[in-house]
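Close look at the chain arrangement
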Amino acid sequence: MRLPIQYAFSFPERLPLNGDRLDLFQTHALEFLEPDMEKFRCLKLAFASIEKGGNMPCIINAANEIVNAGFRNGQCSFPQMADIIAETMQRATFDASPSLDTYFQTDAEARRIAAGLMH
């Protein structure tokens, strides 16, 4: 993860990565821990959207794209991102059996809601 994080922090420049590259063929054991869902609120929201189903993943995706752009442009803080996504999930119209047209409408609606919550 060092490389993608370094790219994010140094964008648009690219700094040299000093350190060992990950070698998956070495005998190091990989350890996976259960994530702290309170600390990683957006991950919790993503799992909730999958569990609810229907067009909820579309809602969270649209809101996520808006808040990420907003964060990069200084329109919202990092902690506000999860708040805006959660509020968008509450306000957007849920459809348990969406059609393609419903997805287009959902995407537009969720983007409007999220953008409105940033102002």
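The structure this text deals with has already been given above.
Not measured: the values here are computed from a predicted model.

**Concerning the overall build of the protein**
Within the protein one finds five helices and zero strands. Going residue by residue from the N terminus, the α and β elements of the protein occur as α-α-α-α-α. Computed over C-alpha atoms, the radius of gyration of the protein comes to 18 Å, more than 25% over the 14 Å expected from 2.2 N^0.38 for 119 residues, which places it beyond the range of a compact globule. Each of the three principal axes of the protein carries a C-alpha extent, and together these read 50 × 30 × 30 Å. Relative to its 119 residues, the protein shows a buried fraction of 25%. Counting contacts in the protein only where the partners sit at least 6 residues apart, residues at least 24 apart contribute 61% of the total. In the form shown here, the protein has an accessible surface area of approximately 9000 Å², with 57% of it arising from carbon and sulfur atoms.

**Details of the pattern of salt bridges**
All told, the structure shown has five salt bridges when counted by the stated rule. A salt bridge links E38 to K44; its shortest N-O distance comes to 2.8 Å. Given the relative accessible area of 55%, E38 is considered exposed. Here R111 and D107 are joined by a salt bridge, their closest N and O atoms 2.8 Å apart. With R111 and D107 both in helix α5 (residues 100–118), this residue pair falls four residues apart, about one helical turn.

**Quick notes on the packing of helix α3 (residues 56–72) against helix α4 (residues 78–91)**
The interhelical angle for the contact between α3 and α4, taken along N-to-C directions, is 150°, at an axis separation of 9 Å. Between α3 and α4, the crossing angle belongs to the class labelled roughly antiparallel. The chirality of how α3 crosses α4 is right-handed. Taken together, the residues of α4 that come into contact with α3 (itself represented by M56, I59, I60, A63, N64, V67, N68 and F71) are F78, M81, I84, I85, T88 and M89. Class assignment of the residues belonging to the contact of α3 with α4 gives a composition of 11 nonpolar, three polar and no charged.

**As for the environment of F9**
Tracing the chain through its elements places F9 in helix α1 (residues 2–10). For F9, a relative accessible area of 74% gives the class exposed. Along the chain, F9 and A69 lie 60 residues apart, while their C-alpha atoms are 16 Å from each other.

Conventions used here
- Residues numbered from 1 in each chain as written.
- Predicted model: local features only at pLDDT ≥ 70, side-chain atom pairs only at ≥ 80, totals over all residues.
- Heavy atoms only, no water.
- Helix = DSSP H or I, 4+ residues; strand = E, 2+ residues; numbered from the N terminus.
- Rg over C-alpha atoms; globule rule 2.2 N^0.38 Å.
- Buried < 20%, exposed > 50% of the residue type's maximum accessible area, 1.4 Å probe, protein only.
- Contact = heavy atoms within 4.5 Å.
- Areas by Shrake-Rupley, 256 points an atom, 1.4 Å probe, with all protein chains shown as cover.
- Salt bridge = Lys/Arg side-chain N within 4 Å of Asp/Glu carboxyl O.
- Axes fitted to C-alpha atoms, helices over the stretch in contact; angles between N-to-C directions.
- Parallel < 35°, antiparallel > 145°, perpendicular 65-115°, else oblique.
- Left-handed = near helix turned anticlockwise from the far one by under 90°.
- Nonpolar A, V, L, I, M, F, W, Y, C, P; charged D, E, K, R; others polar.

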